[in-house]
Amino acid sequence: MKKIINFPEKSRKLGLPYKLIQTIDGLVKNLGGKTFIIGGNVRDIILNSKISSDCDLVINIKINELVKSLEKYNIKFSTVGLKFGTIIVHVENQNIEITAMRQDKKTDGRWAEIKFTNDIEIDAIRRDFTINSIYCDLTGNLFDPFNGQDDLK
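Just so we're clear, the structure is a prediction, and the values are computed from it rather than from any experiment.

The rules behind the values
- Residues numbered from 1 in each chain as written.
- Predicted model: local features only at pLDDT ≥ 70, side-chain atom pairs only at ≥ 80, totals over all residues.
- Heavy atoms only, no water.
- Helix = DSSP H or I, 4+ residues; strand = E, 2+ residues; numbered from the N terminus.
- Rg over C-alpha atoms; globule rule 2.2 N^0.38 Å.
- Buried < 20%, exposed > 50% of the residue type's maximum accessible area, 1.4 Å probe, protein only.
- Contact = heavy atoms within 4.5 Å.
- Areas by Shrake-Rupley, 256 points an atom, 1.4 Å probe, with all protein chains shown as cover.
- Core = buried A, V, L, I, M, F, W, Y, C linked by side-chain atoms within 4.5 Å.
- 1 Å grid on protein atoms, 1.4 Å probe; cavity = no way out; pocket = protein on both sides within 12 Å on 5 of 7 lines; lining within 4 Å.
- Points joined across faces, edges and corners; volume = space filled by probe spheres on them.
- Nonpolar A, V, L, I, M, F, W, Y, C, P; charged D, E, K, R; others polar.
- Pairing = 2+ DSSP bridges.
- Arc of directions from axis to C-beta.

**Some words on the overall build of the protein**
Phase 1: Of the regular secondary structure elements, the protein holds six helices and nine strands.
Phase 2: At 15 Å, the protein has a C-alpha radius of gyration in line with the 15 Å of a compact globule built from 153 residues.
Phase 3: Overall size of the protein, expressed as C-alpha extent along the three principal axes, is 35 × 35 × 25 Å.
Phase 4: Within the span of the protein, comprising 153 residues, buried residues form 44% of the whole.
Phase 5: In the protein, of all internal contacts separated by at least 6 residues, the share reaching a separation of at least 24 is 52%.
Phase 6: About 8700 Å² of surface is accessible on the protein, with carbon and sulfur atoms providing 48% of the total.

**Some remarks on the nonpolar core**
Phase 1: I37, L66 and I98 are the most contacted members of the largest nonpolar core, which totals 32 residues.
Phase 2: Of all elements in the fold, only α1 (7-14), α2 (18-30), α3 (40-46), β2 (55-59), α4 (63-72), β4 (86-91) and β5 (94-100) reach the threshold of two or more residues within this core.
Phase 3: Considering every element that reaches this core, the biggest residue donor is α2, with six residues.
Phase 4: The residues contacting L66, other than those within four sequence positions of it, are L27, V28, L31, I59, I87 and I98.

**Points about the environment of S133**
Phase 1: Along the polypeptide, S133 turns up in the loop between α5 (120-125) and β8 (135-136).
Phase 2: Classification of S133 as buried rests on a relative accessible area of 1%.
Phase 3: Considering only alpha carbons, one finds S133 and N147, 14 residues apart in sequence, at a separation of 8.7 Å.
Phase 4: Excluding anything up to four places from it in sequence, S133 contacts I38, A124, R127, F143, D144, P145 and F146.

**Considering the layout of surface pockets**
Phase 1: Each pocket or cavity is described by its volume, and for the second largest pocket that value is around 220 Å³.
Phase 2: K34, T35, F36, D137 and F143 are, among the 14 residues lining the second largest pocket, the residues nearest its centre.
Phase 3: Only α2 and β1 (35-37) provide two or more residues apiece to the lining of the second largest pocket.
Phase 4: Residue composition of the lining of the second largest pocket, grouped by class: five nonpolar, five polar and four charged.

**Let's talk about the pairing of β2**
Phase 1: Burial analysis of β2 places four of its five residues in the buried class, which makes it a mostly covered element.
Phase 2: In this sheet, β2 lies alongside β1 in antiparallel orientation, the contact comprising three bridges. Counterpart to T35 in the pairing with β2 is I59.

**Examining α4**
Phase 1: Among all positions in α4, only I63, L66, V67, S69 and L70 are buried. Summarising the axial view, the buried residues of α4 lie within an arc of 165 degrees, below the 170-degree limit, and thus occupy one face. Across α4 from its buried face, at more than 90 degrees, point the exposed residues K68 and K72.
Phase 2: Positive backbone phi, at 55 degrees, marks N74, one or two positions downstream of α4.

Next up, the structure:
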């Protein structure tokens, strides 16, 4: 497993809202889950580039469990994608998209019938590009089931 050295400092320097992600991660951990950064943010950090998109997180617990915790702590969020396991948290002028790990049971290419999972590899299968299936935990450990880092090079 590869690791991004000095991940917290590097991610803050490049513009990732690390402190807010830690807050969400704390809620997820209290529910027995794990939080991973995914997609463009991971790509930008690997390339040592300024963060170019809103933050995307994936969690290995059901999204409804997190929703209850957010409500308990009065953290604002929208549920526009709740049916598909996605919410958007709105904190300090930041939008953080959080999606539960899932498997597409049936899809028409855009809309899917999903099943929740806690397995990174099952979640990664449904992602559009190998570079969008590089997961990074909050200590900088990279989980790259389809060798997206090689494609990124």
